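# Per-entry structural report
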Amino acid sequence: NIMSAEGGDDDDDDEFDEDRMTSLDERASKVEAKIKNISGRVMHVNSTLELLRSELDELKNELKQLEKEDATNEHVANARLVFDGAGPGGQLGGFVTPAKHSRFIKYLLGSAVNLVSRKTEERMRLKEEYVNFRETQTISYFLFPLVLFIWYNSKHSGHFFLQSQIAASKHSEFVETVLTASYPIALQAYFSWLLYFYTSLGLRENILKANGSNIRPWWIQHHYYSMAMALCVLTMDVDSPSCVTFIGRFLFFTFCQGIVMFLQNRYQRFRMYTRVAIGKASPMDVSATESGSRLKLLWPLLLTLQTMQLVFGCQVLLRWYKEFARNGKGLSEWQALVAGSLFVLMALGNFNATVMTFIRKRDYAMTEAKRKNKRA
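Heads up: these notes are all about the structure in this document. Keep in mind that this is a model prediction, so the values were computed, not measured. (Residues numbered from 1 in each chain as written. Predicted model: local features only at pLDDT ≥ 70, side-chain atom pairs only at ≥ 80, totals over all residues. Heavy atoms only, no water.)

The tally for this structure, following the rule as stated, stands at 2 salt bridges. Among the salt bridges present, the one from K36 reaches E32, with a minimum N-O distance of 3.2 Å. Separated by 4 residues within a single helix, K36 and E32 lie in helix α1 (residues 2–69), roughly one turn from each other. The partner of E323 in a salt bridge is R319, with the nearest N and O atoms 3.0 Å apart. Of this pair, E323 and R319 both sit in helix α9 (residues 299–325), 4 residues apart, which is roughly one turn of that helix. Judged by relative accessible area, which is 31%, E323 ranks as partly exposed. (Salt bridge = Lys/Arg side-chain N within 4 Å of Asp/Glu carboxyl O. Helix = DSSP H or I, 4+ residues; strand = E, 2+ residues; numbered from the N terminus. Buried < 20%, exposed > 50% of the residue type's maximum accessible area, 1.4 Å probe, protein only.)

Evaluated as defined, the whole model comprises 20 aromatic pairs. Aromatic pair Y141 and F197: ring centres 5.6 Å apart, planes at 55°, arrangement tilted. A residue pair is termed long-range when its members are at least 10 positions apart, and Y141 in helix α4 (residues 120–157) and F197 in helix α6 (residues 172–210) qualify at 56 residues. For the pair Y141 and F197, one class covers both residues: buried. Ring plane angle 65° and centroid distance 5.2 Å describe the contact between F197 and Y198, whose orientation is recorded as edge-to-face. Y198 shares its class with F197; the two are buried. Its guanidinium or amino end placed over the ring of F133, R204 lies 4.2 Å from that ring's centre, counting from NZ or CZ. (Phe/Tyr/Trp six-rings, centres within 6.5 Å; stacked < 30°, edge-to-face > 60°. Lys NZ or Arg CZ within 6 Å of the ring centre and 35° of its normal.)

Considering soluble globular proteins, one finds that nonpolar side chains tend to be buried as a cluster. Counting residues in hydrophobic clusters, the biggest one holds 49 residues, and the most contacted among them are L187, I247 and F250. Elements supplying a minimum of two residues to this core: α4, α6, α7 (217–234), α8 (241–277), α9 and α10 (334–375). If you tally residues by element for this core, the top one is α6, at 11 residues. Ignoring sequence-local partners within four residues, the contact set of F250 consists of Y190, F191, L194, M229, F312 and F343. In this structure, L56, L63, V76 and V96 belong to the second largest nonpolar core, which totals 5 residues. (Core = buried A, V, L, I, M, F, W, Y, C linked by side-chain atoms within 4.5 Å. Contact = heavy atoms within 4.5 Å.)

Structural data, given as structure tokens:
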């Protein structure tokens, strides 16, 4: 009886295992069928997107041609607004064939990476992160050189900032020694931060441009030159004659530049919201490309800064030639030659960009006037 009971238990276990395997097989079969169904739907969506991409590529090129022929036409203007995000499908730039990557992107990320986000929310998040990064880092941009400029003047005048308070302390000699020894470290840390700042801006701007932002090519190139400038001064010996001669002016200029950048960011961010709301700008545009009418209040500051940059660059080149090149020390102080040349190049490029912004603003005003006359 015991053996028969045990045999009965084994039969029950076998039946349970079979039922469990049958249930598992049914569940697995359903999951397999659903995955196959979704895979087919994904294939259909991809094929549909490819057809949309080819159609959008043709329409984009045709729209560009129409804008060249008559940008004041109402239908052309409305088509551009829909393409840039005013329609129900959001911005359509993420569905066209992506442009080839720049050399900068290829060097850092490779040529196979996909930078384009199809969802409008993702592209807007990219833009907001870029704007927030630029605004938060701009504060460091003018505070860092301000502290170093005061430190530089104290170091070379022989009297540190708050000298009387330091002298009154019990460890005055130790504090002065630490301040003197820390200056080169702080200066190199600042140069390293500049390299990081401009590299990050260049990378983020390339990604934004791939996602439909109309960032002007010069501003991206300007950050490339600024990266080269930061790398150049980073290799400079802080106690070298050229560094001692020019670093004070460099710190003063970057401080003034940071102040102007801060004012621009504060004004242009709110101005861009207005332009997007009235249809004069794409949601993916950033304030660096904005040229509102009231921006001319900042033009005197911009032109003054560009003049300062040009004069400083020419002074560096002139002193490098007189004090180093003539004495056979030009190669040993090559950083001054490169830095001065880059300063002159960026000053001329910035001035040209400012003038072109004014011309584009004037042309846009004339186009709007013609469009209003046609409606009338």
